Amino acid sequence: MTSPALVQMPSHVAALGWLPTPGRNAQAQLALPTDLFMVTVHRGDDPSALELSVTLLRTRPERFCSSVPGELAFALLTPAGLLALLRAPLEGAADRRLPLAQFCSRDEMRALRDALASEADPDLRMRCFGAWIEARLVQRQQRHAFGAPRQRVAEAAALIQHHPGPLPLTRLRRVLHVSQRQLERDFRFWLG
């Protein structure tokens, strides 16, 4: 299998890329646990039949194989990026793939499908996908401010990701001015 193509994106999107998917008879790929969340678009033979989904926090390795050959565009989001994009609590959703339609209106989904179906080149589709995510992030940030608990989770996740090595919980609590129990509740509710 070829290596995925990657493009650097703004702070809410850690990476954007695409890779070919060989289909059901191919060797299964291994998805490792990660603290990044992924929004994916799979395109098979029928360009109008796109599979759009969100893969949430993985706590264990998982093998996967696409059902049909095609291409997979993916955006790896930071926790803050996912919270800004979806605007919904994700309690109990770890280790699951959810349809993106649960978080987007029909018009938003139709606009993304039409834009992706109109691009023949994989690089252009990938950039189109990235532009859709960026536009959605900007639009949602203008319409809705993060509430205190969601902002706290986003800040905590960013501190953890950018700290070299493990970040002591006592230090994280002190920086955020919050109890350990409240931080646990916030993480469970907002990030699953």
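Everything quoted here is computed from the prediction, not taken from an experiment.

Participant: Run through the overall build of the protein chain, naming residues and quoting values.
Facilitator: Counting its secondary structure elements, the protein chain contains 6 helices and 8 strands. Scanning the protein chain from its N terminus toward the C terminus, one meets helices and strands in the order β-β-β-β-β-β-β-α-β-α-α-α-α-α. Expressed as a percentage of its 192 residues, the buried residues of the protein chain come to 40%. Put simply, 78% of the contacts in the protein chain that link residues at least 6 apart link residues at least 24 apart. Summing over all exposed atoms, the protein chain offers an accessible surface of approximately 10,500 Å²; the carbon and sulfur share of this is 54%.

Participant: Talk me through the nonpolar core; I want residue IDs and the actual numbers.
Facilitator: Ranked by internal contacts, the top residues of the largest apolar core, which has 38 residues, are L100, F129 and I133. Beyond its immediate stretch of four places on either side in the chain, F129 contacts L16, V39, T40, V41, A73, F74, A75, L112 and L116.

Participant: Just give me the short version of unusual backbone geometry, but keep the residues and values in it.
Facilitator: You will see that H177, though not glycine, has its phi angle at about 55°, which is positive. Inspection of the secondary structure puts H177 in the loop between α5 (169–176) and α6 (180–191). On the accessibility criterion, H177 (72% relative accessible area) is exposed.

Participant: I'd love a proper account of the pattern of salt bridges, names of residues and values included.
Facilitator: The tally for this structure, following the rule as stated, stands at 4 salt bridges. Between R136 and E108 there is a salt bridge; the shortest N-O distance is 2.4 Å. Of this pair, R136 sits in helix α3 (residues 122–143) while E108 sits in helix α2 (residues 106–118), and the two are 28 residues apart along the sequence. Ionic pairing is found between R152 and D186, a salt bridge with its closest N-O pair at 2.5 Å. Of the two residues, R152 sits in helix α4 (residues 148–162) while D186 sits in helix α6, which places them 34 residues apart along the sequence. By the burial criterion, R152 is buried, and D186 matches it.

Participant: Residues and numbers for the environment of Q182, please.
Facilitator: Here Q182 lies in helix α6. On the basis of relative accessibility, which here comes to 22%, the residue Q182 falls in the partly exposed class. Separated by 33 residues in the primary sequence, Q182 and P149 have C-alpha atoms spaced 8.9 Å apart. Here the side chain of Q182 touches R185 through a polar contact of 2.7 Å, side chain to side chain.

Participant: Requested: an account of the packing of aromatic side chains, with residues and values cited.
Facilitator: For the coordinates displayed, the defined rule picks out 1 aromatic pair. An angle of 85° between the planes, with centres 5.0 Å apart, marks the rings of F189 and W190 as edge-to-face. Residue classification places F189 among the partly exposed residues on the basis of a relative accessible area of 33%.

Participant: Tell me what's going on with the pairing of strand β7 (residues 70–77), and back it up with residues and numbers.
Facilitator: The side chains of a regular strand alternate, first on one face of the sheet and then on the other. Direction of pairing for strand β2 (residues 13–21) relative to β7: antiparallel, over a ladder of 8 bridges. When the bridges of β7 are listed, L16 appears paired with A75. By the bridge criterion, 7 bridges tie strand β4 (residues 37–43) to β7 in an arrangement that is antiparallel. Bridge pairing in β7 links V39 to A75.

Procedures and definitions
- Numbering of residues starts from 1 in each chain and follows the order in which that chain's sequence is written.
- Where totals are concerned, whole chains, interfaces and linings use all residues; where local detail is concerned, this predicted model gives features only for residues with pLDDT of at least 70, and gives and counts side-chain atom pairs only at 80 or more.
- Note: side-chain values were computed over all heavy atoms of the structure, leaving out hydrogens and water.
- Helical segments are the DSSP runs of H or I of at least four residues, strand segments are the runs of E of at least two, and each set is numbered from the N terminus.
- Only protein chains enter the accessibility calculation, which uses a 1.4 Å probe; a residue is then buried when its area is under 20% of its type maximum, exposed when over 50%, and partly exposed in between.
- The contact criterion used throughout is that any non-hydrogen atoms of two residues lie within 4.5 Å.
- Using the Shrake-Rupley algorithm and a 1.4 Å probe, accessible areas are obtained, with residue cover drawn only from the displayed protein chains.
- By nonpolar core is meant a set of buried Ala, Val, Leu, Ile, Met, Phe, Trp, Tyr and Cys residues that side-chain atoms within 4.5 Å join together.
- The salt bridge criterion pairs a side-chain nitrogen of Lys or Arg with a carboxyl oxygen of Asp or Glu, the two atoms within 4 Å.
- Pairs of N or O atoms are called polar contacts if they sit within 3.5 Å, as long as, within protein, a hydrogen donor faces a hydrogen acceptor (for residues adjacent in sequence, only side-chain-to-side-chain pairs).
- Ring pairs are drawn from Phe, Tyr and Trp, using the six-membered ring of Trp, whenever the two centres fall within 6.5 Å, and their geometry is named by plane angle: stacked under 30 degrees, edge-to-face over 60, tilted for the rest.
- At least two DSSP bridges between two strands are required for those strands to pair.

Don't take any of this as a statement about function, it's just geometry.
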